[in-house]
Amino acid sequence: MTHAELYALLKTIGLPVAHNDFKEPPSLPYLIYKEADARAWGSDERNEIRKADWLVELYTVIKDIEIQGRIETLFNDRGLNWEMTFSDLIESEGLYLTAYQFPTTTKIRRT
């Protein structure tokens, strides 16, 4: 999955979405996504497979089970093996953060 593919997928939730951060954060709720980890491997001195772990963060004023459900349904419908890695109030910021992580594996295309 590419950055563009994940961005397009997350936009279907109907919230503002940004990669890493917003220049000017919008009103809550919104989504941030980033690549948490990536690695590549192959054979005969060529990488053929790329595995990436993606992190999707939902920021809300209150813990919003409805939006969490929409995100989880979207991930399930795409067959993503996701994990909710964090869901709690960030008191210093006055907002809730719910974080999801999932891996993707893609074949590296050669031209």
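Placed above this text is the structure.
Residues numbered from 1 in each chain as written. Predicted model: local features only at pLDDT ≥ 70, side-chain atom pairs only at ≥ 80, totals over all residues. Heavy atoms only, no water.

Caption draft 1: Layout of the overall build of the chain. Within the chain one finds 2 helices and 5 strands. Going residue by residue from the N terminus, the α and β elements of the chain occur as α-β-β-β-α-β-β. When its C-alpha atoms are laid out on the principal axes, the chain stretches across 50 × 30 × 20 Å. Taking all 111 residues of the chain together, the buried fraction comes to 32%. Here the contacts in the chain between residues at least 6 apart in sequence split such that 51% fall between residues at least 24 apart. Accessible area of the chain: about 6900 Å², with a carbon and sulfur share of 48%. The chain carries 13 positive and 18 negative side-chain charges, and their two centres are separated by 8 Å. (Helix = DSSP H or I, 4+ residues; strand = E, 2+ residues; numbered from the N terminus. Buried < 20%, exposed > 50% of the residue type's maximum accessible area, 1.4 Å probe, protein only. Contact = heavy atoms within 4.5 Å. Areas by Shrake-Rupley, 256 points an atom, 1.4 Å probe, with all protein chains shown as cover. Lys, Arg positive; Asp, Glu negative; His and termini not counted. Charge placed at Lys NZ, Arg CZ, Asp CG, Glu CD.)

Caption draft 2: Fine view of the nonpolar core. Judged by nonpolar contacts, the single largest core of 20 residues is most densely connected at L6, L10, L31, I71, F75 and F102. Mapped by element, the contributors of at least two residues to this core are α1 (3-11), β2 (30-43), β3 (46-60), α2 (65-77) and β5 (95-107). Discounting residues that sit within four places of it in the chain, I71 has contacts with I13, L31, L58 and Y100. With 7 residues, the next largest nonpolar core counts A18, Y30, I32 and L95 among its residues. (Core = buried A, V, L, I, M, F, W, Y, C linked by side-chain atoms within 4.5 Å.)

Caption draft 3: Molecular detail of the packing of aromatic side chains. Considering all chains together, one arrives at 7 aromatic pairs under this definition. Geometrically, the ring pair formed by F22 and Y30 is edge-to-face, given 5.2 Å between the ring centres and 80° between the ring planes. Neither residue differs from the other here; F22 and Y30 are each classed as buried. Between Y33 and W54, the aromatic rings sit 6.4 Å apart at their centres with planes inclined by 45°, giving tilted as the arrangement. With a gap of 21 residues between them, Y33 in strand β2 and W54 in strand β3 connect regions that are remote in the sequence. Comparing Y33 with W54 shows no difference in burial state: the two are buried. Through a chain of ring-to-ring contacts, three or more aromatic side chains come together here, namely F75, W82, Y100 and F102. (Phe/Tyr/Trp six-rings, centres within 6.5 Å; stacked < 30°, edge-to-face > 60°.)

Caption draft 4: Examining the environment of T98 more closely. On the secondary structure map, T98 appears in strand β5. Taking the C-alpha atoms as reference, T98 lies 8.4 Å from T60; in sequence the two are 38 residues apart. With residues up to four places along the chain from it excluded, the contact list for T98 reads V56, E57, L58, Q68, M84, F86 and S87. In this structure the side chain of T98 is engaged in a polar contact, spanning 3.2 Å, whose partner is the side chain of S87. (Polar contact = N/O pair within 3.5 Å; in protein donor to acceptor, adjacent residues only side chain to side chain.)

Caption draft 5: Fine view of unusual backbone geometry. The omega torsion across L28 and P29 is 0°, close enough to zero to call that bond cis. Here P29 is to be found in the loop between β1 (17-19) and β2. Even without a glycine there, the phi angle at N20 is positive, about 75°. Relative to the helices and strands, N20 is located in the loop between β1 and β2.

None of the figures reported here should be taken as evidence of function without further support.
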